[in-house]
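# Working through the structure, step by step
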Amino acid sequence: MHGLVPVGAPVDDVVAWGESLDQLLECKTGQLVFEDFLRTEYSEENLLFWLACEDYRKTTSQTEITTAAKRIYTEFVQVDAPRQINIDCETRESIRENLSQPWPNCFDRAQRLIYGLMENDCYPRFLKSEMYQALLEQAEQQ
């Protein structure tokens, strides 16, 4: 087992995580377990970017929007970013152009792309992983 695996996660939660990526992402514990799994695959930047976009969308002050947009761009979007996400050049360029006047939805396209990547690639592997299977077994024994 790795890092932050919650002992005794509620059975309902653990089972629900297997139903859809949305169910997994709606649960704080699910996010932590999924992040832990992604870290073993060196792809946790996808989840961290997705979560950063969720927070960004809730930001209301224009000053905070500008600051957050620059931080997300620097950390995840720009070429050679420390946690660079895998998106096409067109999407990356579009975000860069909007940085001078960012709006609440400027990361939506990139977020959708990353969600798709997680849903079709990482999430199915997570469901088959020892980590998830062990949690399911543990939950069912409660």
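Nothing here was measured: the structure is a model prediction, and the numbers come from that model.

So, on to the overall build of the protein. Across its full length, the protein holds eight helices and zero strands. Out of the 142 residues in the protein, the part that is buried amounts to 46%. Across the protein, every contact between residues at least 6 apart in sequence was considered, and the portion connecting residues at least 24 apart equals 62%.

Tallied over the full model, the rule gives eight aromatic pairs. A centroid spacing of 5.7 Å and a plane angle of 65° characterise the contact between Phe 49 and Phe 76, whose relative ring orientation is edge-to-face. Of this pair, Phe 49 sits in helix H4 (residues 44-58) while Phe 76 is found in helix H5 (residues 62-77), placing the two residues 27 residues apart along the sequence. For the pair Phe 49 and Phe 76, a shared accessibility class is recorded, and that class is buried.

Looking now at the pattern of salt bridges. If charged atoms from side chains of opposite charge come close, those side chains can pair. Tallied over the full model, the rule gives eleven salt bridges. Across the salt bridge formed by Arg 39 and Glu 35, the nearest N and O atoms sit 2.5 Å from each other. Taken together, the residues span about one helical turn, with Arg 39 and Glu 35 both in helix H3 (residues 28-40) at a distance of four residues. Look at Arg 39 and you get partly exposed, because its relative accessible area is 36%. A salt bridge links Glu 90 to Arg 109; its shortest N-O distance comes to 3.4 Å. Of the two residues, Glu 90 is situated in helix H6 (residues 89-98) and Arg 109 in helix H7 (residues 108-128); the sequence distance between them amounts to 19 residues. Salt bridges sharing common partners tie together Glu 35, Asp 36 and Arg 39.

Let us look at the UniProt feature "domain: RGS" (unreviewed entry) in the protein. As annotated in UniProt, the feature "domain: RGS" (unreviewed entry) corresponds to residues 20-136 in the numbering used here. Here residues 20-136 is 75% helix and 0% strand, with 15 Å between the C-alpha atoms at its ends.

Ranked by size, the top nonpolar core spans 23 residues in total, and within it Trp 17, Leu 21, Leu 25, Phe 34 and Phe 126 carry the most contacts. Breaking this core down by element, the ones donating at least two residues are helix H1 (11-17), helix H2 (21-26), H3, H4, H7 and helix H8 (130-140). What Phe 34 contacts, discounting residues up to four positions off in sequence, is Leu 21, Leu 24, Leu 25, Leu 47, Met 118, Cys 122, Tyr 123 and Phe 126.

As a further point, take the packing of H7 against H8. Relative to each other, H7 and H8 sit at 50°, their axes nearing to 5 Å. Considered as vectors, H7 and H8 are oriented oblique to each other. Judged by residue contacts, Phe 126, Leu 127 and Lys 128 of H7 engage Glu 130, Tyr 132 and Gln 133 from H8.

Basis of the calculations
Residues numbered from 1 in each chain as written. Predicted model: local features only at pLDDT ≥ 70, side-chain atom pairs only at ≥ 80, totals over all residues. Heavy atoms only, no water. Helix = DSSP H or I, 4+ residues; strand = E, 2+ residues; numbered from the N terminus. Buried < 20%, exposed > 50% of the residue type's maximum accessible area, 1.4 Å probe, protein only. Contact = heavy atoms within 4.5 Å. Phe/Tyr/Trp six-rings, centres within 6.5 Å; stacked < 30°, edge-to-face > 60°. Salt bridge = Lys/Arg side-chain N within 4 Å of Asp/Glu carboxyl O. UniProt positions renumbered as here; feature names shortened; annotations may be inferred. Core = buried A, V, L, I, M, F, W, Y, C linked by side-chain atoms within 4.5 Å. Axes fitted to C-alpha atoms, helices over the stretch in contact; angles between N-to-C directions. Parallel < 35°, antiparallel > 145°, perpendicular 65-115°, else oblique.

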